[in-house]
Amino acid sequence: MNLCALEPAAATTPVSRRLLLSLMAGLLLPLQALAIPVTDPTGDFLATYTGPQNGDMDVLNADVSYNQASDAFRFSATLDGAIGTTDGALYVYGLDRGQGTERFLDGDPSIGTGVVFDMVVVIRPDTTAIINDFINNQVTQLSAGTVQILNDSFISVALDADLFPSTGFDTSDYTWNLWPRQGLGNNVQISDFAPDASNVGVSQVPVPSTLALLGIAGLGLLRRRRNTAVDLGSPRRFAAA
Ligand SMILES: [Ca+2]
Ligand SMILES: [Ca+2]
């Protein structure tokens, strides 16, 4: 049997490569889509905000990710200035676990259309935090050192998922928003929403098995390409053509 006749390089190699690339793209797409943080415009202070328009009150990007392997959420954000610049600054992540509502609409001024939450994580520049679960009437104080502040303007904190019990959604379906504010008590203290006028779903940290699958797919693609290169230079193939 002429194996070369069954496997003409010019016809099948591009198809096979496209197939493998499609497989890789299919595996990579959710990883890429879920790993990119929310970006937020610079200087988009709310018109209702009456505090100082310092960079540390302006969100540039933010993310909330859920790590299934460690069963923990990570909250992160980059501000447009050194955290600690503005007295009384707080960074509040609102989470919707299933019973979120637009809790700022009833305030004066009415703000926050599309921003729904049923609990908050309040981060202070002194690296402490408070979790307030409005549905279960549970307040959790987290000690200094809980929050990391890196390069002056980057916040990062990982918190056990047990602190965020579902109120209807699967853990992976929670949504969130981030807003800095100067003090508590009035909507005029809120400087920015990220994202604007909506929540966004938590991103997913891929489990190790997914990463291993990606690695295997990548190795398979490289091996196939190497074999194809050898075949194209094979005197046997040219002899059969
Ligand atoms: Ca902003
Ligand atoms: Ca914004």
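Calculation criteria
- Residues numbered from 1 in each chain as written.
- Chains lettered and ligands numbered in written order.
- Predicted model: local features only at pLDDT ≥ 70, side-chain atom pairs only at ≥ 80, totals over all residues.
- Helix = DSSP H or I, 4+ residues; strand = E, 2+ residues; numbered from the N terminus.
- Buried ≥ 20, exposed ≤ 12 C-beta atoms within 10 Å, placed from the backbone.
- Pairing = 2+ DSSP bridges.
- Core = buried A, V, L, I, M, F, W, Y, C linked by C-beta atoms within 7 Å.
- Contact = placed C-beta atoms within 7 Å.
- pLDDT = per-residue confidence, 0-100.

Participant: A description of the overall build of the protein should follow, citing residues and the corresponding values.
Facilitator: A count of helical and extended segments in the protein gives four helices and twelve strands. Per-residue burial over the protein gives 25% buried out of 241 residues.

Participant: Outline the pairing of strand 4 (residues 89-96), listing residues and values.
Facilitator: In summary, the side chains of a regular strand alternate between the two faces of the sheet. Counted residue by residue, strand 4 has seven buried out of eight residues, so it is predominantly covered. Taken together, the eight bridges between strand 4 and strand 10 (residues 175-182) define a ladder with antiparallel strand orientation. Looking across to strand 10, one finds that Gly94 is bridged to Asn177. The pairing of strand 4 with strand 5 (residues 119-123) spans five bridges and is classified as antiparallel. Among the inter-strand pairings, Gly94 is bridged to a residue of strand 5, identified as Val120.

Participant: Got a sec to walk through the sheet that holds strand 11 (residues 200-201)? Specific residues and values, please.
Facilitator: Within the open sheet, the six strands sit side by side as 7-6-5-4-10-11. Their pairing is antiparallel. For this open sheet the edge positions go to strand 7 (138-142) and strand 11, each flanked by a neighbour on one side alone. Inspection of the sheet shows strand 10 paired to strand 11 by two bridges, in the antiparallel sense. Along strand 11, the bridge assignment pairs Trp176 with Val200.

Participant: Can you tell me about the environment of Ala47, naming the residues and giving the values?
Facilitator: Looking at the secondary structure, you find Ala47 in the loop between strand 1 (38-39) and strand 2 (59-67). Taking the C-beta count within 10 Å as the criterion, Ala47 has 7 such neighbours and is therefore assigned exposed. Residues Ala47 and Asp192 lie 145 residues apart in sequence; the distance between their C-alpha atoms is 9.4 Å.

Participant: Got a sec to walk through unusual backbone geometry? Specific residues and values, please.
Facilitator: Cis geometry is adopted by the peptide bond preceding Pro109, which originates at Asp108 and carries an omega value of 5°. Along the chain, Pro109 falls in the loop between strand 4 and strand 5. That bond from Ala194 to Pro195 is cis: its omega, 0°, falls within 30 degrees of zero. In this structure, Pro195 sits in the loop between strand 10 and strand 11. At Asp71, a position not held by glycine, the phi torsion is positive, near 50°. The backbone of Asn137 shows a phi angle near 50°, a positive value even though the residue is not glycine. Counting through the fold element by element, Asn137 comes out in the loop between strand 6 (129-133) and strand 7.

Participant: Describe the nonpolar core, with residues and values.
Facilitator: Membership of the largest hydrophobic core comes to 40 residues, with the highest contact counts inside it found for Val59, Ala77, Tyr93, Leu95, Ile123, Ile155 and Leu178. Mapped onto this core, the elements with two or more residues apiece are strand 2, strand 3 (72-79), strand 4, strand 5, strand 9 (154-160) and strand 10. With residues up to four places along the chain from it excluded, the contact list for Ile155 reads Ser76, Ala77, Ile83, Tyr91, Ile123, Val147 and Ile149.

Participant: Got a sec to walk through the environment of Val157? Specific residues and values, please.
Facilitator: Here Val157 shows up in strand 9. Taking C-alpha positions, Val157 is 5.3 Å from Phe75, a pair spaced 82 residues apart along the chain. Apart from residues lying up to four places away in sequence, Val157 is in contact with Phe75, Ile123, Ala129, Thr146, Val147 and Gln148.

Participant: If you had to explain the pairing of strand 5 to someone new, which residues and values would you point to?
Facilitator: Of all five residues in strand 5, four are buried, a share of seventy percent or more. Relative to strand 6, strand 5 is paired through five bridges, and the arrangement is antiparallel. Its bridge partner being in strand 6, Met119 is matched across the sheet by Asp133. As consecutive antiparallel partners, strand 5 and strand 6 are separated by five residues, and within that stretch Thr127 has a phi angle of approximately 75°, a positive value.

Participant: A description of the confidence of the model for the protein should follow, citing residues and the corresponding values.
Facilitator: For the protein, per-residue confidence averages 82 on the pLDDT scale, and 71% of positions sit at 70 or higher. Low pLDDT, under 50, characterises residues 1-15; the stretch is placed with ten contacts to residues that sit more than four places away or in other chains.

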